[in-house]
Amino acid sequence: MTVWLNIHTEREIMPVLEVLARAKINLTLDITGLLPDGYHELETVMQSIALCDRLFFSLRPQGIEFQTDSPLVPAGPENLVYRAAELLQRVTGCRRGVHIFLSKNIPVAAGLGGGSADAAATLAALNQLWSLGLDRGELIDLGAKLGADVPFCLTGGTVLARGKGELLTPLKPLPPVGVVMVTPPLAVSTAQIYRAYDRLLPGVHPDTAAMVAAVERRDIPAVAARLGNILEPVTTALYPQVSAVKAALKAAGPLGVVMSGSGPTVFGLCRDEEEACRVAGRLDPGLGRILHTRFCDHALKLAVIDGSR
Ligand code: ATP
């Protein structure tokens, strides 16, 4: 899959920009109201994790060429990567081209923000590759047009996000806490879960202020005790399998367990990744895709992997 990385023309080797785009989990997720345009008003403490997709960008004279190794995401203009590149061309008038390869590792439609991470990676990489000179605020405004989690994915670390997800307050970075994740084989539509939330009685609101205080104290047992997601009862009502996965994960002994985003991924927190690996080993592989990872203090990592010209 790496053949195209060394793209020789007669006179030059094209520079290739590699970006690691980190997934996210929601330590808390709350809905605090409805905005005038009908969107849900969110309050969520988001955390970057080391699990990532890899994207490779190389300049072309014109056009957007996109390839991916995943059969689970759109291979053409509907992919968030393609849409991010197109949006940048439209708003900046830039006519330069790019070839983008997406190596997918983050489970898809799983509540882990994979598409948003890829969109954020594309905005940041093309800002550099096309020398657009956009500042962080401008990238965040563009990101918000692509998806609610994109602004966070441009920022990363531990962040309190409000509004539609674009009002970001960075919190104190946490140590590399271990995370064990189980993604049952269900493709959950975020839009479907929000529609179902509107029909159901309101659930239990997580205590966001207490979570923020625990983060600021870097008190990991308190963070684990405050995990909460108002969408969890909605997703579990539609997909009871998610409750079974949560019960199995809880029984395997992490510090605390909750569903991420609109699901179906359920994660548990552990002291470190070694412990997360041990917890993962106690789980029945039949539950779904089981991964272990750790908290990460950033969302994107950019590197020129072949810059000789
Ligand atoms: P969200 O909560 O934002 O919907 P999620 O983490 O639950 O995100 P994603 O993995 O981002 O789920 O996928 C959501 C949808 O976006 C999928 O239906 C997928 O087909 C589509 N999509 C478009 N581009 C991508 C991409 N690069 N990676 C993942 N999904 C993508």
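Residues numbered from 1 in each chain as written. Predicted model: local features only at pLDDT ≥ 70, side-chain atom pairs only at ≥ 80, totals over all residues. Heavy atoms only, no water.

**Comments concerning the overall build of the protein chain**
Consideration 1: A tally of helices and strands in the protein chain yields 10 helices and 12 strands.
Consideration 2: A globule of 309 residues ought to have a C-alpha radius of gyration of about 19 Å, and the protein chain, at 20 Å, matches this closely.
Consideration 3: In terms of overall dimensions, the protein chain has C-alpha extents of about 60 × 45 × 35 Å along its principal axes.
Consideration 4: Relative to its 309 residues, the protein chain shows a buried fraction of 57%.
Consideration 5: Counting only contacts in the protein chain whose residues sit at least 6 apart along the sequence, the fraction spanning at least 24 positions is 77%.
Consideration 6: Only carbon and sulfur atoms are counted for the fraction: they give 54% of the accessible area of the protein chain, which is about 13,500 Å².
Consideration 7: Taken together, the 29 basic and 30 acidic charged side chains of the protein chain have centroids lying 1 Å from each other. (Helix = DSSP H or I, 4+ residues; strand = E, 2+ residues; numbered from the N terminus. Rg over C-alpha atoms; globule rule 2.2 N^0.38 Å. Buried < 20%, exposed > 50% of the residue type's maximum accessible area, 1.4 Å probe, protein only. Contact = heavy atoms within 4.5 Å. Areas by Shrake-Rupley, 256 points an atom, 1.4 Å probe, with all protein chains shown as cover. Lys, Arg positive; Asp, Glu negative; His and termini not counted. Charge placed at Lys NZ, Arg CZ, Asp CG, Glu CD.)

**Observations concerning the sheet that holds strand 10 (residues 266-270)**
Consideration 1: Read from one edge to the other, the open sheet built from four strands follows the order 9-10-7-11, with strand pairing classed as antiparallel. Each having just a single partner strand, strand 9 (256-259) and strand 11 (289-294) make up the two edges of the open sheet. Adjacent strand axes in the sheet meet at a mean angle of 20° when their direction is disregarded.
Consideration 2: Across six bridges, the pairing between strand 7 (residues 178-183) and strand 11 is antiparallel. (Pairing = 2+ DSSP bridges. Axes fitted to C-alpha atoms, helices over the stretch in contact; angles between N-to-C directions.)

**Brief notes about helix 5 (residues 190-199)**
Consideration 1: Residues of helix 5 that are buried include every one of Ile193, Tyr194, Ala196 and Tyr197, and no others. Buried residues of helix 5, viewed axially, fall in a sector of 160°; they line one side. (Arc of directions from axis to C-beta.)

**A word on the nonpolar core**
Consideration 1: Ranked by internal contacts, the top residues of the largest apolar core, which has 72 residues, are Leu27, Phe57 and Leu269.
Consideration 2: Element by element, the count of residues in this core is highest for helix 2 (residues 114-129), at nine residues.
Consideration 3: Two domains share this core, each providing at least three of its residues, namely domain 1 (14-171) and domain 2 (178-207 + 220-294).
Consideration 4: Leu186, Val245, Val257 and Ala276 belong to the second-largest nonpolar core, a separate cluster that totals 28 residues. (Core = buried A, V, L, I, M, F, W, Y, C linked by side-chain atoms within 4.5 Å. Domains from an automatic or database assignment.)

**Re the side chain of Ser260**
Consideration 1: Tracing the backbone shows Ser260 in the loop between strand 9 and strand 10.
Consideration 2: The exposure class assigned to Ser260 is buried, which follows from its relative accessible area of 0%.
Consideration 3: In contact with Ser260, other than residues within four places in its own chain, are Lys24, Ile25, Asn26, Ala110, Gly111, Leu112, Asn229, Thr265 and Phe267.

**Overview of the domain arrangement of the protein chain**
Consideration 1: Taken domain by domain, the protein chain holds domain 1 (14-171) and domain 2 (178-207 + 220-294).
Consideration 2: Using C-alpha coordinates to define each centre, domain 1 is positioned 23 Å away from domain 2.
Consideration 3: Across the boundary between the two partners, domain 1 contributes 21 residues, which contact 32 residues of domain 2.
Consideration 4: For the pair domain 1 and domain 2, the summed buried surface comes to about 1,900 Å²; carbon and sulfur atoms form 60% of the total.
Consideration 5: For the domain 1 face of the interface with domain 2, the top three residues by lost area are Leu27, Leu29 and Ile31, together amounting to 27%.
Consideration 6: Linking domain 1 with domain 2 are 14 residue pairs in polar contact (both at pLDDT 80 or more). (Buried area = accessible area lost by both parts, 1.4 Å probe. Polar contact = N/O pair within 3.5 Å; in protein donor to acceptor, adjacent residues only side chain to side chain.)

**What to know about helix 2**
Consideration 1: With 16 residues, helix 2 ought to run about 22 Å at 1.5 Å a step, and its terminal C-alpha atoms sit 22 Å apart, in line with that.
Consideration 2: The buried count for helix 2 comes to 14 of 16 residues, which makes it a mostly enclosed element. (Expected span 1.5 Å × (residues − 1).)

**Concerning the site of the ligand**
Consideration 1: Close to the ligand lie 17 residues; Asn79, Ala109, Gly113, Gly115 and Thr190 are nearest.
Consideration 2: Leu80 places a main-chain nitrogen or oxygen 3.0 Å from a nitrogen atom of the ligand.
Consideration 3: Between Asp118 and the ligand, the recorded distance is 2.9 Å, taken from a side-chain N or O atom to a nitrogen atom.
Consideration 4: In isolation the ligand offers 610 Å² of accessible surface; the protein chains occlude 76% of this area. (Near = heavy atom within 4 Å.)

**Considering the pairing of strand 1 (residues 16-34)**
Consideration 1: Here strand 1 lies mainly inside the structure; 16 of its 19 residues are buried.
Consideration 2: Where strand 1 and strand 2 (residues 40-60) come together, 16 bridges link them in antiparallel fashion. Paired with Leu34 across the two strands is His40, which belongs to strand 2.
Consideration 3: Taken together, strand 1 and the strand that follows it, strand 2, pair antiparallel across an intervening segment of five residues, in which Gly38 is found at a positive phi of about 90°.

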